[in-house]
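This is what each chain is made of:
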Amino acid sequence: MFANAELSRDFTTLGQQYKSLVKALLDVVNIPHIPVEIEPTATGNFRGFDVGKFYFIERGTISARYRGRTIYVLEEGDILLPDIAGDSQDDATVFYGSESGATLHSFPALEFMRRVFSENDGIKVWTRLLVTYSGLMLRVTAAAAQEDTRVTPGFEVYQSGDVIINQGEKADFVFNLSSGTAEVVVDGIVVGTIAEGEIFGAMAALTHSERSATVRAKTQCSVVKVPEAQFTEMIKTNPTTIHSLMVDMANSIVNLNEQLVSLQNGSAKKA
């Protein structure tokens, strides 16, 4: 994906991550596709596609136009999700076109999502894909906004030893670890680890309480930051986010239990 605007380097990084997640998702779903050929068009002249289908860009590019302007362009390796709004109103509709033509792979949306929900890996990849997509759209929006508009950063890279969140601080964001490994520290003691793809920092954000632990990068970490209010909306509207969050919390409890057993064994040996 690329946009008709000047964007920072992290947009490219997120775009590469997005394509990797699309590939991983298609590997998990693993259903036959139907090829769809798109003829070259000078401007956006068709209203999306069948809302019951997902489309993978196999060749060429697809331009997304809104109110006469090209907002972003999907390229090879991207996925086109259905636009379900504005079908009856031209000024609220995203129009698509392709200046050079394109080849798409079409997948039935219901069967696609059934496969996603039936696999834990599929749910996790789908959630990460949505979070990454949100980060891409945030940057597209920021690039088109006025210079004095306050925009919340949504993507950061931390080096080994860097603190991602501090124990006791206010919870403004929920985090998704895109790559790397982080460790959870409570009162100076390492009590667990966070692996690639896990969501963290959600409990304090959802309960409006202070951070109960420090999270520190163990290796170089790429992190997507979702504002607390935006994450709350995702929880309300996206059941897969809830499932992924429950899995990550369960893993955290297992890590804490293992750490407690280790500490108890160590104390017993000293005694």
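Every value quoted in this text rests on a predicted model; they were computed, and no experiment measured them.

Engineer: How would you explain the overall build of the protein if you had to name every residue and give the values?
Structural biologist: Helices and strands together make up the secondary structure of the protein, namely 6 helices and 16 strands. Burial statistics for the protein: of 271 residues in total, 41% are counted as buried. As displayed, the protein offers around 14,500 Å² of accessible surface, 53% of which is attributable to carbon and sulfur atoms.

Engineer: I'd like to hear about the sheet that holds strand E10 (residues 163–165), residue by residue, with values.
Structural biologist: What the 4 strands build is an open sheet, ordered E10-E15-E12-E13; its pairing is antiparallel. Each edge of the open sheet is held by one strand with a lone partner, namely E10 and strand E13 (189–194). Neighbour-to-neighbour, the strand axes of the sheet open up by a mean angle of 35 degrees, direction not taken into account. Bridging between strand E12 (residues 182–186) and E13 involves 5 bridges; their strand directions are antiparallel. Paired with Val-184 across the two strands is Gly-192, which belongs to E13.

Engineer: A description of the side chain of Ser-98 should follow, citing residues and the corresponding values.
Structural biologist: Its place among the elements puts Ser-98 in the loop between strand E7 (94–97) and strand E8 (102–108). Only 2.7 Å separates the side chain of Ser-98 from the backbone oxygen of Thr-61, close enough to count as a polar contact. Setting aside residues no more than four positions away along its own chain, Ser-98 makes contact with Ile-38, Glu-39, Pro-40, Thr-41, Thr-61 and Ile-62.

Engineer: An account of the pairing of strand E3 (residues 53–60) is requested, with residue identities and associated values reported.
Structural biologist: Pairing between E3 and E8: 7 bridges, direction antiparallel. Pairing of Ile-57 across the sheet is with Leu-104, part of E8. Pairing between E3 and strand E6 (residues 79–80): 2 bridges, direction antiparallel. Paired with Tyr-55 across the two strands is Leu-80, which belongs to E6.

Engineer: Can you explain helix H1 (residues 9–29)? Please cite residues and give values.
Structural biologist: For H1, with 21 residues, the first-to-last C-alpha span of 31 Å sits near the 30 Å given by 1.5 Å per residue. Residues Asp-10, Phe-11, Leu-14, Gly-15, Gln-17, Tyr-18, Leu-21, Val-22, Leu-25, Leu-26 and Val-29 constitute the buried set of H1. Once H1 ends, the next one or two residues include Asn-30, with phi positive near 50 degrees.

Engineer: For the packing of aromatic side chains, give the residues involved together with the corresponding values.
Structural biologist: Counted by the stated rule, this structure contains 6 aromatic pairs. With a centroid separation of 5.9 Å and an interplanar angle of 35 degrees, the aromatic rings of Tyr-18 and Tyr-133 are classed as tilted. Here Tyr-133 lies in helix H3 (residues 120–144) and Tyr-18 lies in helix H1, a separation of 115 residues in the sequence. Here a set of aromatic residues connected by ring pairs shows up, and it is made of Phe-54, Phe-107, Phe-112 and Trp-126. Between the NZ or CZ atom of Lys-225 and the centre of the ring of Phe-173, over which it lies, the distance is 4.3 Å.

Engineer: I'd love a proper account of the pattern of salt bridges, names of residues and values included.
Structural biologist: Evaluated as defined, the whole model comprises 8 salt bridges. Between Glu-75 and Lys-19 there is a salt bridge, with the nearest N and O atoms lying 3.4 Å from each other. Remark: Lys-19 occurs in helix H1 and Glu-75 occurs in the loop between strand E5 (69–74) and E6; sequence separation between them is 56 residues. Assessed through its relative accessible area of 24%, Glu-75 is described here as partly exposed. Of the charged contacts in the structure, one is a salt bridge between Lys-170 and Asp-172, with a shortest N-O distance of 3.9 Å. Judged by relative accessible area, which is 64%, Lys-170 ranks as exposed. Each of Glu-111, Arg-114 and Arg-115 takes part in one network of salt bridges that share partners.

Engineer: Hey, could you go over the sheet that holds strand E16 (residues 221–227) for me, with residue numbers and the actual values?
Structural biologist: With antiparallel pairing, the 4 strands of this open sheet are ordered in space as E9-E16-E11-E14. Looking along the sheet, the strands with just one partner apiece sit at the ends: strand E9 (155–158) and strand E14 (199–200). Inspection of the sheet shows strand E11 (residues 173–179) paired to E14 by 2 bridges, in the antiparallel sense. If you follow Asn-176 over to E14, its bridge partner there is Ile-199.

Engineer: Now, about the pairing of strand E4 (residues 62–66): what can you tell me, with residues and values included?
Structural biologist: Direction of pairing for E4 relative to E5: antiparallel, over a ladder of 5 bridges. Bridging across to E5, Ala-64 finds its partner in Tyr-72.

What counts as what
- Residues numbered from 1 in each chain as written.
- Predicted model: local features only at pLDDT ≥ 70, side-chain atom pairs only at ≥ 80, totals over all residues.
- Heavy atoms only, no water.
- Helix = DSSP H or I, 4+ residues; strand = E, 2+ residues; numbered from the N terminus.
- Buried < 20%, exposed > 50% of the residue type's maximum accessible area, 1.4 Å probe, protein only.
- Areas by Shrake-Rupley, 256 points an atom, 1.4 Å probe, with all protein chains shown as cover.
- Pairing = 2+ DSSP bridges.
- Axes fitted to C-alpha atoms, helices over the stretch in contact; angles between N-to-C directions.
- Polar contact = N/O pair within 3.5 Å; in protein donor to acceptor, adjacent residues only side chain to side chain.
- Contact = heavy atoms within 4.5 Å.
- Expected span 1.5 Å × (residues − 1).
- Phe/Tyr/Trp six-rings, centres within 6.5 Å; stacked < 30°, edge-to-face > 60°.
- Lys NZ or Arg CZ within 6 Å of the ring centre and 35° of its normal.
- Salt bridge = Lys/Arg side-chain N within 4 Å of Asp/Glu carboxyl O.

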